[in-house]
Amino acid sequence: MNITLPDGKVLTFTRGVTGAEIAAAIGPGLAKAALILEVDGQEWDLFRPIEQDARIRIVTRRDDKALTLIRHDAAHLLAMAVQELYPGTQVTIGPAIEDGFYYDFARDTPFHPDDLPRIEARMREIVKQARPTRREVWPRDKAVQHFKDIGEKFKAELIESIPSNEDVSIYYHGDWHDLCRGPHFRTTAEIGDAFKLTKISGAYWRGDAKNAQLQRIYGTAWRDQKELDAYLQRIEEAEKRDHRKLGREMNLFHMQEEAVGQVFWHPKGFALFNSLRNYIRRKLDAADYQEVMTPLILDRKLWEQSGHWENYREHMFVAEVEDEKKTLAVKPMSCPGHVLIFKQGTKSYRELPLRMAEFGSCHRYEPSGALHGIMRVRGFTQDDAHIFCTHEQITGETASFCRLLMAIYRDLGFEDVRVKLATRPANRIGSDAVWDQAEAALKAATEEAQLAYQLNPGEGAFYGPKLEFVLRDSIGRDWQCGTLQVDFNTAARLDAAYVAEDGAKHPPVMLHRAILGSLERFLGVLIEHYAGKFPLWLSPVQAVVATIVSDADSYAREATAELRAAGLRVESDLRNEKINYKVREHALSKVPYLLVAGRREAENRTLTVRRLGTEAQENLALSAVISMLKAEAVPPDLK
RNA sequence: GCCGCCUUAGCUCAGCCGGUAGAGCACCGCAUUCGUAAUGCGGGGGUCGCGUGUUCGAGUCACGCAGGCGGCACCA
């Protein structure tokens, strides 16, 4: 029997040879490093016999795949340890995920954080025991019956969803066994001990809130201790840049019980907010958007007509007034208001595309468990706009939107943007032909804008498909920021129309689009992205003038005033403290420039400049400092 | 909304088996005028998240509520 290696070399073995034997034949080093192999592209256990000629590739610990394999085995290891320590606990699923793995268990009493060290200790024991792995193939029906018999009803349910004529593979690690597609290592020893259990959570069976809630245990696993330490270090560093922590430390904003899910922007935070908003305003203006402002609270009748009352009621804040019998609702989005502006006066096709923008203050009653710092709130500001256009204009408008968005993200320091195309959901309105057209238009637009996207099937809005632009926070959580949604429906529902070339009235297509999404969320991501060390144009405090001796106070005041007059955000620090103290304090609060004014500087009208992150000092004339800072503080669109 | 954990001074956190609250930083005062990451001394500051219960006695135990945190579900 011939076995072909990746380099084309052919080795001859007897039928039923295993990957372990092949690896050993090639060399003892490989035999030791091997984890699994690929047989004609299919993942294969090292101990599983090969019955016919095949091309193989041996996967070692250094392979890119190794981490996924280690984590999958670690998930099994976790399940073994848990079932041994907590009899009666049922297993369900346990996949490898980014940076680690988890396993979902069904159990009456939830786990406690104190259980983790105990489980981890048992896992390490099992690794030491090097329990051998064995693979068996059972008829599906036998497997169903078996798992029912041993009380593993979730496993049985999983197997029942496999067609009944198929066989399933069962993996044994010592006595413990589980349904699994594999592959697995020869023994539990190969997992190594570079793993750690990290957190406990509830999780719904099959991801559905209507189902039973399971107990999930998360862990992380790596090739060796060094990799594990590096990961733990990375997480620790990331936690230091958490926007909630920096928001407090840098005095940007706070939140409190009296306004759950809403942000109190402090002066410094609001300076940041405004710098960003002004920048977006200029970019939109340059891209031929017209800014408007619409009411915050509108009559229920409007929301009924737009469809929000029916589809979105539970997310809306509703206001009753005593004297009138009216019900009003706080807007969760700005689209109906924009349509009402569009409807004023007769619109011609010549006015399309009409791009209407608003920094809309929106309120949504989000589920309590969804709230997260300023990233997920109940009151937020959208950089919202609606493009009223014809069917023919969808692709062009979408493409230019994509280009605008990517340019803005680049200005703001984001190069790594994930784009998702969410297509028609099961619950939707409109004909398939219309959906075909809308989805095709979005695809064409992304190609025109040269954006690689990932398909997100069935995740579109009920009225149309959407593009989602996703950014990542410091600890790897993804946040949707930008979006563009095609809507063939809302304008018609609200009786908005334009007069076409043929003289007839047609409802315009609406493109709902946002670049930042919510300013609050975007600022949260931005704070973490820069770890609070913003580029100068965004920095809430751009420089601090710090004195060394009180003799320099009046000069420092003068210098501060001149810097401010030049449009810079500058504070002075005249406190009776040592310069060391001031340097340290302003560096910790992430002020980009410390401008030291001592006796010498006061005499020759200079400042000694120290840039955040460096120890270098440079003595410059006050006028030179002003022009240098002014130049650096120019927003990217005005450069 | 669901599961779990947490809530003590402005911040970070101690506080044992229930016996009546503590540190560092910050703040205030005084001294110090000092050249690039913490000057010294002194002082003020707490309904221990809220409520109910157990107890002679609750920061500590039990229950309920609220908020926060980690996930899940939902979602910009």
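Numbering of residues starts from 1 in every chain and runs along the sequence as written. Working convention: letters from A go to chains and numbers from 1 go to ligands, in the order in which they are written. Where local features are concerned, this predicted model is filtered to residues with pLDDT of at least 70; where side-chain atom pairs are given and counted, the filter is 80 or more; whole-chain, interface and lining totals use all residues. Note that water and hydrogens are dropped before the side-chain values are worked out from all heavy atoms of the structure.

Burial in helix α5 (residues 140–149) covers these residues: R140, A143, V144 and F147. For α5, the angular spread of the buried residues around the axis is 100°, confining them to a single face. For α5, the elements touching its buried residues are β9 (133–139), α6 (153–160), β10 (167–173) and β11 (176–179). Elements are defined by DSSP. Helices are runs of H or I of four residues or more, strands are runs of E of two residues or more, and each kind is numbered from the N terminus. Phi for G151, located one or two positions after α5, is positive at around 80°. Only protein chains enter the area calculation, which uses a 1.4 Å probe; residues under 20% of their type maximum are buried, those over 50% are exposed, and those in between are partly exposed. What the arc describes is the spread of directions from the helix axis to the C-beta atoms. The criterion used for residue contact is that any of the two residues' heavy atoms lie within 4.5 Å.

Our next topic: the environment of H512. The residue H512 is located in strand β29 (residues 509–518) in this model. Classification of H512 by relative accessible area gives buried; the value is 7%. In the structure, H512 is positioned 56 residues away from L568 in sequence and 36 Å away in space, judged by C-alpha atoms. Once residues lying within four places of it in the same chain are set aside, the contact partners of H512 are C335, A385, H386, Y463, T483, L484, Q485, D487 and T490. The term polar contact refers here to a pair of N or O atoms within 3.5 Å; inside protein, the definition further demands a hydrogen-donor-capable atom paired with an acceptor-capable atom, and it admits residues adjacent in sequence only when both atoms are side-chain atoms. One polar contact links H512 to H386, side chain to side chain, over a distance of 3.2 Å.

Moving on to the sheet that holds strand β17 (residues 297–299). Taking strand neighbours across the sheet as the criterion, the three strands line up as β17-β19-β18 in an open arrangement whose pairing is antiparallel. In this open sheet, the two strands that pair with only one neighbour each are β17 and β18 (318–320). Within the sheet, the average angular offset between the axes of one strand and its neighbour, ignoring direction, is 35°. As paired elements, β18 and strand β19 (residues 327–330) share three bridges and run antiparallel to each other. Bridge assignment links A319 to a residue of β19, and that residue is L328. A pair of strands counts as paired when DSSP detects no fewer than two bridges linking them. Under this scheme, a helix contributes an axis fitted over its contacting stretch, all axes are lines through C-alpha atoms, and angles between N-to-C directions fall in the 0 to 180 degree range.

The environment of RNA strand B is formed by 57 residues, the closest being S201, Q213, Q480, N576 and R610. Note on terminology: near, applied to a residue and a molecule or strand, indicates that one of the residue's heavy atoms is within 4 Å of it. Put simply, 53% of the atoms of RNA strand B that lie within 4 Å of the protein are in sugar or phosphate. Between RNA strand B and Q215 there is a distance of 3.4 Å, counted from a sugar or linking oxygen to a side-chain nitrogen or oxygen. In this structure, a phosphate oxygen belonging to RNA strand B sits 2.8 Å away from a side-chain N or O atom of R244. For the surface near RNA strand B, the secondary structure elements donating two or more residues are β12 (195–204), β13 (213–221), α8 (243–249), β26 (478–487), α18 (579–588), α19 (599–604) and β33 (606–611). Examining the composition of the surface near RNA strand B, we find that seven residues originate from one element, α18, more than from any other. Looking at the surface near RNA strand B, its residues break down into 21 nonpolar, 18 polar and 18 charged. Only Asp, Glu, Lys and Arg are considered charged, only Ala, Val, Leu, Ile, Met, Phe, Trp, Tyr, Cys and Pro nonpolar, and every remaining residue, Gly among them, polar.

A few words on the nonpolar core. Counting 61 residues, the largest nonpolar core has Y409, L412, F469 and F522 as its most contacted members. When residues in this core are grouped by element, the largest group, eight residues, is from helix α13 (residues 394–411). For our purposes a nonpolar core is just a set of buried Ala, Val, Leu, Ile, Met, Phe, Trp, Tyr and Cys residues, chained together by side-chain atoms within 4.5 Å. Judged by nonpolar contacts, the second largest core, of 33 residues, contains L78, Y103, F111 and M123.

Between 30 and 60 degrees the pair is tilted, below 30 it is stacked and above 60 it is edge-to-face, where a pair is any two Phe, Tyr or Trp rings, Trp via its six-membered ring, whose centres lie within 6.5 Å. According to the stated counting rule, one finds 17 aromatic pairs in the structure shown. Ring geometry for F342 against F388: centres 4.4 Å apart, planes inclined by 20°, an arrangement best described as stacked. With F342 in helix α12 (residues 335–342) and F388 in strand β22 (residues 379–389), the pair connects residues that are 46 residues apart, well separated along the chain. Overall, the relative accessible area of 0% leaves F388 in the buried class. Between Y530 and F534, the aromatic rings sit 6.2 Å apart at their centres with planes inclined by 65°, giving edge-to-face as the arrangement. Taken together, the ring pairs connect Y86, Y103, F105 and F111 into an aromatic cluster. Charge over a ring is defined by NZ of Lys or CZ of Arg lying within 6 Å of the ring centre and within 35 degrees of the ring normal. Stacked on the ring of W138, the Lys or Arg K142 has its end atom at 4.2 Å from the ring centre.

Attention shifts here to the confidence of the model for chain A. Per-residue pLDDT for chain A has a mean of 93; in total, 100% of the residues score no lower than 70. Per-residue confidence from the predictor is reported as pLDDT, a score between 0 and 100. The element-level mean pLDDT for chain A is lowest in helix α11 (residues 308–312), coming to 88, with helix α20 (residues 622–632) highest at 98. Interface predicted TM-score (ipTM) for the complex: 0.94; the corresponding pTM is 0.93.

Here we take up the pattern of salt bridges. Where side chains of opposite charge bring their charged atoms close, a pairing between them can arise. Definition used for salt bridges: Asp or Glu carboxyl oxygen within 4 Å of a side-chain nitrogen of Lys or Arg. Under the counting rule described, the total for this entry stands at 44 salt bridges. The residue R424 makes a salt bridge to D432 at a minimum N-O spacing of 3.9 Å. Here R472 makes a salt bridge to D478, at a shortest N to O gap of 2.9 Å. What emerges from the salt-bridge pattern is a single network uniting E38, E43, R57, D63 and K65.

Attention now moves to the layout of surface pockets. Rolled over the atoms, a probe sized like a water molecule indicates the empty space that remains. Any residue with an atom within 4 Å of a point lines the site, the site being either a cavity, points on a 1 Å grid over the protein atoms alone where a 1.4 Å probe fits but cannot get out, or a pocket, an open set with protein on both sides within 12 Å along at least 5 of 7 lines. Grid points are joined across faces, edges and corners, and a volume is the space filled by probe spheres set on the points. When its volume is computed, the largest pocket comes out at roughly 1,000 Å³. Along the wall of the largest pocket there are 37 residues; nearest its centre are Y312, M333, R364, K466 and Q485. Counting only elements with at least two residues in the lining of the largest pocket, the list comes to α11, β22, β25 (466–472), β26 and β29. A breakdown of the residues in the lining of the largest pocket according to their chemical character gives 11 nonpolar, 16 polar and 10 charged.

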